[in-house]
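# Observations on the model geometry
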Amino acid sequence: MPYTHSGLFIPCYINALYPEVGVATWHLLKDLGVKPVCPAGQTCCGQPMANAGFERGAIPLLEEFKKRFDSFEYVITPSASCAVFLREHLGRTGHRVYELCEFLLDVLKITGVPGRFCHKVSIHNSCHGVRKLHLSSASELVEPPYSKLRKILSLVEGIEICEPANTDECCGFGGMFSIEEPSVSVCMGQDKLKNHLDTGAQYITGADSSCLMHLQGIAQREEAPIRFIHIAQILAAGL
Amino acid sequence: MSTQHAKAAERFIRNKAQEEWHNETLRLVREKRDRQALLLPCWEQLRQLASQIKMHTITHLDKYIEQFANQAEANGAIVHWAKDAREHNDIIYAILGEHQVKKLVKSKSMLTEECHLNPYLISRGIEVVESDLGERILQLMDKPPSHIVMPAIHIKRQEVGKLFEEKLHTEKGNSDPGYLTHAARLHLRNEFLTAGAALTGANFGVAATGDVVVCTNEGNADMGTSFAKLHIVSMGIEKVTPHYQALSVFVRLLARSATGQPATTYTSHYRKPRKGCQMHIVLVDNGRSDILGDADHIQTLKCIRCAACMNTCPVYRRSGGYAYTYFIPGPIGINLGMLKSPGEYYDNVSACSLCYSCNNVCPAKIDLADQIYKWRQQLYSLGKADRTKKLLSGGLRYIFTRPALYGAALRLAPIINKTPRFLIYNNLNAWGKGRELPAFAKESFTRMQEKGKIT
Amino acid sequence: MSTKNDILSNIRSHSGKTYAMPVIEPDAIRYTDTAARFMEVLKSVGGSAIELQEGEDINARIMSLYPEARSIASNLPEIRIATINPDEIATPHLLNGTALAVVRGEIGVAENGCVWIPQNVKEKAVCFIAEYLLILLDKNNIVSNMHEAYAKIGFNDYGFGVFISGPSKTADIEQALVIGAHGAKGVVVFLTA
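Bear in mind that the values here come from a model prediction, so they are computed numbers and not experimental data. (Residues numbered from 1 in each chain as written. Chains lettered and ligands numbered in written order. Predicted model: local features only at pLDDT ≥ 70, side-chain atom pairs only at ≥ 80, totals over all residues. Heavy atoms only, no water.)

Helix and strand counts for chain A come out as 13 helices and eight strands. Here the C-alpha radius of gyration of chain A, 17 Å, is about what a compact globule of 239 residues would show, namely 18 Å. Overall, chain A is about 45 × 40 × 35 Å in size when its C-alpha atoms are taken along their principal axes. Split into buried and exposed, the 239 residues of chain A put 67% on the buried side. Sequence separation of at least 24 residues holds for 74% of the intrachain contacts in chain A that already meet a minimum separation of 6. Of the roughly 8100 Å² that chain A leaves accessible, carbon and sulfur atoms contribute 52%. (Helix = DSSP H or I, 4+ residues; strand = E, 2+ residues; numbered from the N terminus. Rg over C-alpha atoms; globule rule 2.2 N^0.38 Å. Buried < 20%, exposed > 50% of the residue type's maximum accessible area, 1.4 Å probe, protein only. Contact = heavy atoms within 4.5 Å. Areas by Shrake-Rupley, 256 points an atom, 1.4 Å probe, with all protein chains shown as cover.)

Glancing now at the pairing of strand β7 (residues 203-206) of chain A. Residues and elements named next belong to chain A. By the alternation rule, side chains of β7 split into Y203 and T205 and I204 and G206, which are all buried. Across four bridges, the pairing between β7 and strand β8 (residues 227-230) is parallel. Paired with T205 across the strands is I229, a residue of β8. The parallel pair β7 and β8 is bridged by helix α12 (residues 209-221), and the resulting crossover is right-handed. (Pairing = 2+ DSSP bridges. Right-handed = clockwise from strand over helix to strand, strands pointing away.)

This part is about unusual backbone geometry. Residue and element names in this part refer to chain A. One non-glycine residue with positive phi stands out, namely H134, at about 60 degrees. Locating H134 in the fold gives a position in the loop between α8 (127-131) and α9 (148-153). Taking the relative accessible area as the measure of exposure, H134 reaches 43% and is therefore partly exposed.

Counting from both sides, the interface comprises 76 residues of chain B and, opposite them, 66 residues of chain A. Of the roughly 6100 Å² buried where chain B meets chain A, counting both sides, 61% is carbon and sulfur surface. When the buried surface of chain B facing chain A is broken down by residue, F400(B), R435(B) and F445(B) rank first, second and third, together holding 12% of it. Notably, a salt bridge pairs R221(A) with E436(B), separated by 2.6 Å at the nearest N-O pair. Where chain B packs against chain A, one counts 36 residue pairs in polar contact (both at pLDDT 80 or more). Of the residues belonging to the side of chain B that touches chain A, the class tally is 36 nonpolar, 17 polar and 23 charged. (Buried area = accessible area lost by both parts, 1.4 Å probe. Salt bridge = Lys/Arg side-chain N within 4 Å of Asp/Glu carboxyl O. Polar contact = N/O pair within 3.5 Å; in protein donor to acceptor, adjacent residues only side chain to side chain. Nonpolar A, V, L, I, M, F, W, Y, C, P; charged D, E, K, R; others polar.)

A few words on the domain arrangement of chain A. Residue and element names in this part refer to chain A. Each domain of chain A was delimited in the assignment, giving domain 1 (2-107) and domain 2 (120-235). Once you take the C-alpha centre of each, domain 1 and domain 2 turn out to be 21 Å apart. Across the domain 1/domain 2 interface, buried area totals approximately 2000 Å², and carbon plus sulfur atoms make up 70% of it. Applying the counting criterion to the domain 1 and domain 2 interface returns two salt bridges. Between K148 and D106 there is a salt bridge, with its nearest N and O atoms 2.7 Å apart. Linking domain 1 with domain 2 are seven residue pairs in polar contact (both at pLDDT 80 or more), by the criterion used here. Only α1 (12-16), α2 (19-31), α3 (47-52), α5 (80-89) and α7 (100-107) provide two or more residues apiece to the side of domain 1 that touches domain 2. In terms of residue class, the side of domain 1 that touches domain 2 is made up of 17 nonpolar, five polar and six charged. (Domains from an automatic or database assignment.)

Okay, the pattern of salt bridges next. Tallying each qualifying case throughout the model produces 60 salt bridges over all chains. Between R318(B) and D191(A) there is a salt bridge, with the nearest N and O atoms lying 2.8 Å from each other. Here the residue R318(B) occupies a position in helix α15 (residues 314-319), and D191(A) occupies one in helix α11 (residues 182-197), the pair thus bridging two chains. The burial state of R318(B) is the same as that of D191(A); both residues are buried. The salt bridge involving E131(C) is made with R185(B); its shortest N-O contact spans 3.0 Å. With one member in each of two chains, E131(C) in the loop between α4 (126-129) and β6 (132-138) and R185(B) in helix α10 (residues 177-194) form a pair that bridges those chains. Assessed through its relative accessible area of 22%, E131(C) is described here as partly exposed. Bridged by salt links that share partners, the residues R131(A), E140(A), D168(A), R30(B), R33(B) and D34(B) form one connected network.

Think of a sheet as strands paired side by side through backbone hydrogen bonds, with each pair either parallel or antiparallel. Residue and element names in this part refer to chain C. The strand order across the open sheet formed by five strands is β1-β11-β6-β3-β2, and the pairing between neighbours is parallel. Of all the strands in the sheet, the pair left with one neighbour each is β1 (48-51) and β2 (72-73). The pairing of strand β3 (residues 100-104) with β6 spans five bridges and is parallel. By the bridge assignment for β6, L100 is matched with Y132. Across the sheet, helix α2 (residues 34-44) is in contact with β1, β6 and β11 (186-192); its angle to β1 comes to roughly 145 degrees. Helix-sheet contacts for helix α3 (residues 58-65) involve β1, β3, β6 and β11, and the interaxial angle to β11 is about 155 degrees. (Axes fitted to C-alpha atoms, helices over the stretch in contact; angles between N-to-C directions.)

Okay, the packing of aromatic side chains next. Using the criterion set out here, one finds 23 aromatic pairs over all chains in the structure. Each ring, one from W116(C) and one from F155(C), has its centre 5.4 Å from the other, and the planes form 75 degrees; the classification is edge-to-face. You can see W116(C) sitting in strand β5 (residues 114-118) and its partner F155(C) sitting in the loop between α5 (146-152) and β8 (160-164), a full 39 residues away along the chain. On the basis of relative accessibility, which here comes to 19%, the residue F155(C) falls in the buried class. Taken together, the ring pairs connect Y244(B), W116(C), Y150(C), F155(C) and F163(C) into an aromatic cluster. Across the ring face of Y120(B), the terminal group of R124(B) is positioned such that the distance to the ring centre comes to 3.7 Å. (Phe/Tyr/Trp six-rings, centres within 6.5 Å; stacked < 30°, edge-to-face > 60°. Lys NZ or Arg CZ within 6 Å of the ring centre and 35° of its normal.)

This next bit is on the interface of chain B and chain C. Facing the 91 residues of chain B at the interface are 71 residues of chain C. With both chains or domains summed, chain B and chain C bury close to 6800 Å², and 60% of this area falls on carbon and sulfur atoms. Per-residue buried area on chain B facing chain C is highest for W81(B), R185(B) and Y266(B); these three make up 10% of the total on that side. Where chain B packs against chain C, one counts 12 salt bridges. For D157(C), the salt bridge identified is with K275(B), shortest N-O distance 3.0 Å.

Structure below.
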């Protein structure tokens, strides 16, 4: 099968802050029959600079990325927004980049996952996941409702899934936006967190650790009783 | 590193009750729009058609605007052409002078706001009366609109009550919206009956027929034009639409997108002047034809001014219209401001988390967020890039392009976790406002891999 | 003239790629019972529609609906109870204070409760200034959507026409909906067969 040798891209902030997400992704892929290869020397896709207005600064990073991943038929990453950025900026190589859930559902077409997770989780839909990668239907569009995150989570044994009100409204992270417009960013995050808390969930999960990092920062400051977990960790729970 | 928008937004948010009300009220308008859209299975098809019709029209604008002007003249209207705001104002002042008009009653027009028509006329002795309720409230308060469809959305009923007590002599302490609206009805009725001229904007100009189409809920455009002997239309050249078939697409989208109504109460078609009266149409360029040459931003000319992008924008809802330095706020305003004068209005470019909701609600499918992204790329060459952001981006790039250094940084980073709080959470740390910093992992993914822990 | 040419030539000099006009044939919603849908939507926008029975006396029905109306403006010959004929007044200002106006609509639109009213009276003010507006509409002239409506609408020599969907309204004070901003405070459509 072609995808047995697939490249795994670990985004910079997952590498430094949430390596357990990378580890979970690694084990999950292996368990599902993929032999991921994680090329040495990979760093960042360049999105943070580009969204801040320094797209040119991202070019050398994109070129490095291309060098390291060009030989793979599939490149998998546990981050929707990085996947979007790479897909939009890398031409042919970019089209081979998949966000993890997308890869599992659309390419591997899995019908089961190893994980068992007996908790109530609230799905965090990231903007780029919804409106760029189409991981779920967008509330603004008249289209049949669907959600790849819900679909894949529903394969997990023991899980209870819910979604917050205004489920695809932005949480206010937005990369550099979070520090350039801190008041609005925090305000958006507080509102988002409240909607998540109102579901009564024990965990907030999603396909973008960046949104989760922002919400977790607010939850910690407010000592809110909720935990954060990347979707890969749920799918791989127990491995 | 704060932009004007960021600072003003901070002040807006400090009044938490006001911010919450503003956010939730506009969110409800967005939801009303969603419900109307869902009733039409062909909604996405309509948006696609609207986008295509607009792209066709604006890339054949010379043909359609001339056809419209010829048709309008054949119908008996008098057509004027204005290159810029000054010419627009001069023309209108001259028309009013010719007819010795002392009082002008206006219905809502963002174009006259763009041209600063009111202060221009008032300084020359013309009495100008806004007749849209929201606009009238703001005019009496001497404030600009903060939203292009709901101009007084930031004003509380108590403020309107107080204002009307003073200006319209309403009951003391009565701030019931029904009561206040009725008082405004009586007050403005008198203005309609005594004005020498009525000015309206134009939602659409139909090239094939010469119709000027104006949409209102209050009926103020029609009240004004039913009595005054002079009707002046202020119309941007991009408002032209080829024919009724095209118009039907926009009329179906406009009110649903704007306020979640299936149609505005009045969709008025002004084809000929009233018997014994005059109708003047002022066609205004004011920078629009220049935008045609800008491939990155030409799509702004598709805008039908429905404000759906404002209602959906999570940043606009939480910062209010006055936080933006251009007179049109929200996603479309960020872009139009930059097109008008980047050096003056670059502050608004920060007011976007790139969530792309605006792209999805826009009935004409303008790529609003993509355009904001593009403006950000240009700030550097404009000399307006934020220094901290630039430094941060440059620093990150320096590390990220050097895998060995990146590896070293990953190993050293956890030291930061042990830094005393006061060194991290201070005024220099925008992240620390309301948020804790994430902790660096004891061992990065890269390190674990190097050590052979991931197999 | 020169400004016109300047603008047109500036448009031309900035023109780049051109786009074709699409075929405008959306799969617009069609209702099997357009009258029922029209009545439902009109109600949702604050108006109401009443189906007149065959042979029913319009004047009597109006009087029972608006017993207080002292001044009734209409130029329709069948409205015998009219007190002012807007065709025969010197200025539209004389319509101020009208309690009820009765006009004829030509096309109803089921999807949004609109009625197309081409000006068929000397003073169009009559449609807007009266406290209440009554529109007579042939039930057989209700189309499903605006595409169909725009394919059918016509003008009289007056050169004005308006789609009206329910009563005048505003939500400019705190988004609280108030009926009766500047135009009619109530709109009733009489559907005739």
